[in-house]
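# A look at the structure
The chain contents come next:
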Amino acid sequence: MDSSPVGIFDSGLGGLSVLREVRALLPHEPLIYLADSRYAPYGDKPERFVTARTLQVCRWLVAQGCKALVIACNTATMHAVQALRSELTVPVIGVEPGLKPAAAISRSKVVGVLATANTLKSAKFNRLLATLAPESRYLCAAGHGLVALIEQGDVSSAVIREKLDAYLGPMLEAGADTLVLGCTHYPFLSATIREMVGDRLTLIDTGAAIARQLARKLVEFDMAADPAKAAGIRYLSTKDAAHLHEMAAALLQVEAHAETVVIEPAPALEDGPLTA
């Protein structure tokens, strides 16, 4: 049995949706949740910055003794997961928008995808899209402004609803019957989306699948913790532990005693267009 923690990392608070699924499936695994909130969101940052910063943060987590890492951020996964797996010696589980499961269940074969601009521009996403596009039609929208609002605990305001209506309306008009939540922040909008569209859209969230993949990897590498023992969660933020504490209570209904940590300064955030 391995009592070392699993590290779950996101640029901010979206990864809490993944943490929720991991804790539900693996209540005996010690966890470290790290929000790099000083530099959130990653979705509008240049690829070179996202890659370099993700490597910095994940090296730090491994140095803290993490036996495996979950990159609970679509943007970080799209740009950095290959570099992480090449450099680090621990298992790395990434996330990606659930295009495949959406295609499998869509009856109309018209699938909406709500994700960050950086995810939609990434080469990895577009390679995946190209392999599936002949089978289904994918209508992609960058959810500008949604992450910032969720980071403040806003998941149902009039502003959120106005933005969602602008993104989802054209998808529904085009016949979409399935919606991929392509950012780990967006599952926190599920209840609001269902209130707005009813059963017209089936929502695809890959959090539970990520938890299952983590469980498989821990068994494969003989790293699973003792299932008879309860385990805790350590909540860390690179900016504001009090805010992480407050938002974990609001979004997960848990009492999260968060800490602020300092990780080496991020690479220079150079100006320039996002690269795919």
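Up top you'll find the structure we're talking about.
Since this is a predicted model, take the numbers as computed values, not measurements.

Helices and strands together make up the secondary structure of the chain, namely 11 helices and 10 strands. By the compact-globule yardstick of 19 Å for 276 residues, the chain fits well, its C-alpha radius of gyration being 18 Å. Dimensions of the chain, computed from C-alpha atoms along their principal axes, come out at roughly 50 × 45 × 35 Å. Taken across its 276 residues, the chain has 55% of its residues classed as buried. When contacts within the chain are restricted to residue pairs at least 6 apart in sequence, those whose partners lie at least 24 apart make up 76%. About 11800 Å² of surface is accessible on the chain, with carbon and sulfur atoms providing 52% of the total. Measuring between centres, the 26 positive side-chain charges of the chain sit 4 Å from its 29 negative side-chain charges.

In terms of nonpolar packing, the biggest core is built from 53 residues, with Ile-8, Leu-16, Val-70, Leu-179, Tyr-186, Ile-193 and Leu-214 touching the most fellow members. Examining the composition of this core, we find that six residues originate from one element, helix 8 (residues 158-173), more than from any other.

Let us now look at the sheet that holds strand 6 (residues 137-142). Strand pairs in the sheet, formed through backbone hydrogen bonds, run parallel or antiparallel to each other. The strand order across the open sheet built from four strands is 6-5-7-8, with neighbouring strands paired in parallel fashion. Each end of this open sheet is capped by a strand with a single partner; those strands are strand 6 and strand 8 (202-204). The average angle at which neighbouring strand axes cross in this sheet is 25 degrees, direction not considered. Here strand 5 (residues 110-115) runs beside strand 6; their pairing, made up of six bridges, is parallel. Within the sheet, the bridge partner assigned to Gly-112 lies in strand 6 and is Leu-139.

With that settled, the discussion passes to the packing of helix 8 against helix 9 (residues 190-197). Relative to each other, helix 8 and helix 9 sit at 60 degrees, their axes nearing to 11 Å. Here helix 8 is positioned oblique relative to helix 9, judged by the angle of their axes. The element helix 8 and its partner helix 9 pack so that their crossing is right-handed. In this structure, helix 8 uses Ile-160, Arg-161, Leu-164, Asp-165, Leu-168 and Leu-172 to contact helix 9, whose residues at the interface are Thr-192, Ile-193, Glu-195, Met-196 and Val-197. Along the lines of polarity and charge, the residues of the contact of helix 8 with helix 9 split into seven nonpolar, one polar and three charged.

Our next topic: the pattern of salt bridges. What the rule picks out here adds up to eight salt bridges. One salt bridge connects Asp-36 with Arg-53, and the closest N-O pair in it is separated by 2.9 Å. With Asp-36 in the loop between strand 2 (31-35) and helix 2 (47-63) and Arg-53 in helix 2, this pair connects stretches of sequence that are 17 residues apart. What makes Arg-53 buried here is its relative accessible area of 1%. For Glu-96, the salt bridge goes to Lys-124, with nearest N and O atoms at 3.1 Å. Taken together, the residues Glu-96 in the loop between strand 4 (92-93) and helix 4 (99-105) and Lys-124 in helix 6 (residues 123-132) connect sequence positions 28 residues apart. Overall, the relative accessible area of 30% leaves Glu-96 in the partly exposed class.

What follows is about the pairing of strand 9 (residues 233-237). Pairing geometry for strand 2 and strand 9, over five bridges, is parallel. Bridging from a neighbouring strand, Ala-35 pairs with Ser-237 of strand 9. In the sheet, strand 9 pairs with strand 10 (residues 258-260) via three bridges, with the strands oriented parallel. Bridge pairing in strand 10 places Leu-236 opposite Glu-259. Handedness of the crossover joining strand 9 and strand 10 through helix 11 (residues 241-252) is recorded here as right-handed.

The rules behind the values
- Residues numbered from 1 in each chain as written.
- Predicted model: local features only at pLDDT ≥ 70, side-chain atom pairs only at ≥ 80, totals over all residues.
- Heavy atoms only, no water.
- Helix = DSSP H or I, 4+ residues; strand = E, 2+ residues; numbered from the N terminus.
- Rg over C-alpha atoms; globule rule 2.2 N^0.38 Å.
- Buried < 20%, exposed > 50% of the residue type's maximum accessible area, 1.4 Å probe, protein only.
- Contact = heavy atoms within 4.5 Å.
- Areas by Shrake-Rupley, 256 points an atom, 1.4 Å probe, with all protein chains shown as cover.
- Lys, Arg positive; Asp, Glu negative; His and termini not counted.
- Charge placed at Lys NZ, Arg CZ, Asp CG, Glu CD.
- Core = buried A, V, L, I, M, F, W, Y, C linked by side-chain atoms within 4.5 Å.
- Pairing = 2+ DSSP bridges.
- Axes fitted to C-alpha atoms, helices over the stretch in contact; angles between N-to-C directions.
- Parallel < 35°, antiparallel > 145°, perpendicular 65-115°, else oblique.
- Left-handed = near helix turned anticlockwise from the far one by under 90°.
- Nonpolar A, V, L, I, M, F, W, Y, C, P; charged D, E, K, R; others polar.
- Salt bridge = Lys/Arg side-chain N within 4 Å of Asp/Glu carboxyl O.
- Right-handed = clockwise from strand over helix to strand, strands pointing away.

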